[in-house]
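What follows is the residue order along each chain.
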Amino acid sequence: MDYRRLKDLPEELLPRERLFQCGPEALSNREILAILLRTGLKGENVLDFAERILTQAGGLSGLARLTVHELTQLHGMGNAKAAELKAALELGRRSVSSDPLVRPVINSPQDIAHLVMEEMRYLDREHFRVVSLSTKNHVLGISSISVGSLNSSLVHPRECFKEAIRRNSNAIILLHNHPSGDPSPSREDLDVTRRLSDGGQILGIEVLDHVIIGDNRYISLKERGIL
């Protein structure tokens, strides 16, 4: 039977009631998204609305990559719904990154690329970030330093090491993307890397690597022998 209105569904099939009865882990992505969206559209109940949004975004991982502005471009997603959804996704991301039991361990450039590839390969501008690591190479946090073409004025050592010092980090990994899809390092990339590596030596925080993300590929400057 096709239930066009959510209130016509049997109570045991309603997402919110199922969450209370069965727990959140029993719900599908569509049902969880429907709870966050709360209401559907004319002729489209909230479950159908949620399913369409997931399809248009390319699944849950695609949804997480959309900016709040991109969310508002989806039919039915006004500013309020987009903001609430983006906030919920960000809260989930932060809860994982702040839990020491689930913090990823970085032992190779492949590990850091695997951690950020699906998000950073689609960014349309250069994002420079710093990954702070513990003495056992657990990720303590990823700090956003600048957005735009990479240059020494945007990437200042003070900003790069501020969060690393606050987190009592043992080492950091530099990270940025090339929107062109080609991760080959530029002269500016090399200059910034050397400058920050020198700064790390003074502060006693080692710069382990600088990983450049392209379209489903990456380059490690440590593997290239630059660090």
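Since we're looking at a predicted model, the values are computed, not measured.

### A closer look at the overall build of the protein
Argument step 1. From N to C terminus, the protein includes 9 helices and 5 strands.
Argument step 2. Counting all 227 residues of the protein, 41% fall into the buried class.
Argument step 3. In the protein, the share of contacts with a sequence separation of at least 24, taken over all contacts with a separation of at least 6, comes to 58%.
Argument step 4. Total accessible area on the protein is roughly 12800 Å²; 51% of this is exposed by carbon and sulfur atoms.

### Considering the pattern of salt bridges
Argument step 1. In total, this model carries 10 salt bridges according to the counting rule given.
Argument step 2. As a salt-bridge pair, Glu-163 and Arg-167 come within 3.5 Å of each other at their nearest N and O atoms.
Argument step 3. A cluster of three or more residues bridged by salt bridges with shared partners is formed by Arg-158, Glu-159 and Lys-162.

### Description of the nonpolar core
Argument step 1. One finds Leu-33, Leu-37, Ile-53, Leu-63, Leu-71 and Met-77 to be the most contacted residues of the largest nonpolar core, which totals 17 residues.
Argument step 2. Counting only elements with at least two residues in this core, the list comes to helix H2 (29–37), helix H3 (46–57) and helix H6 (79–97).
Argument step 3. In terms of residue count, H3 provides more of this core than any other element does, 7 residues in total.
Argument step 4. What Ile-53 contacts, discounting residues up to four positions off in sequence, is Leu-33, Leu-63, Leu-74, His-75 and Met-77.

### Side note on helix H7 (residues 109–120)
Argument step 1. Pro-109, Ile-112, Ala-113, Val-116, Met-117 and Met-120 are the residues of H7 that are buried. The buried residues of H7 occupy one face: seen down the axis, they fall within an arc of 135°.
Argument step 2. Where the residues of H7 are buried, they touch strand E1 (127–133), strand E2 (139–147), strand E3 (171–177), strand E4 (206–213) and strand E5 (218–220).

### Quick word on the environment of Leu-66
Argument step 1. Along the polypeptide, Leu-66 turns up in the loop between helix H4 (59–65) and helix H5 (68–72).
Argument step 2. When its relative accessible area of 18% is taken as the criterion, Leu-66 is described as buried.
Argument step 3. Leu-66 sits 57 residues away from Leu-123 along the chain, and the two C-alpha atoms are 9.7 Å apart.
Argument step 4. Leave out the neighbours within four places in its chain, and Leu-66 touches Ala-57, Leu-71, Leu-74 and Lys-86.

### Let's talk about the side chain of Lys-81
Argument step 1. Relative to the helices and strands, Lys-81 is located in helix H6.
Argument step 2. Despite its burial, Lys-81 pairs with no opposite charge; the closest candidate is Glu-84, at 6.3 Å N-O.
Argument step 3. A distance of 2.4 Å separates a polar side-chain atom of Lys-81 from the backbone oxygen of Leu-37.

### Let's talk about the sheet that holds E2
Argument step 1. Pairing within the open sheet is mixed, and its 5 strands lie in the order E2-E1-E3-E4-E5. Edge strands, defined here as strands with exactly one partner in the open sheet, are E2 and E5. Pairwise comparison of adjacent strand axes, ignoring direction, gives a mean angle of 20° for this sheet.
Argument step 2. Two elements, E4 and E5, share 3 bridges in a ladder whose sense is antiparallel. Looking at the pairing, Ile-213 lines up with Tyr-218 of E5.

Conventions we followed
- Residues numbered from 1 in each chain as written.
- Predicted model: local features only at pLDDT ≥ 70, side-chain atom pairs only at ≥ 80, totals over all residues.
- Heavy atoms only, no water.
- Helix = DSSP H or I, 4+ residues; strand = E, 2+ residues; numbered from the N terminus.
- Buried < 20%, exposed > 50% of the residue type's maximum accessible area, 1.4 Å probe, protein only.
- Contact = heavy atoms within 4.5 Å.
- Areas by Shrake-Rupley, 256 points an atom, 1.4 Å probe, with all protein chains shown as cover.
- Salt bridge = Lys/Arg side-chain N within 4 Å of Asp/Glu carboxyl O.
- Core = buried A, V, L, I, M, F, W, Y, C linked by side-chain atoms within 4.5 Å.
- Arc of directions from axis to C-beta.
- Lys, Arg positive; Asp, Glu negative; His and termini not counted.
- Polar contact = N/O pair within 3.5 Å; in protein donor to acceptor, adjacent residues only side chain to side chain.
- Pairing = 2+ DSSP bridges.
- Axes fitted to C-alpha atoms, helices over the stretch in contact; angles between N-to-C directions.

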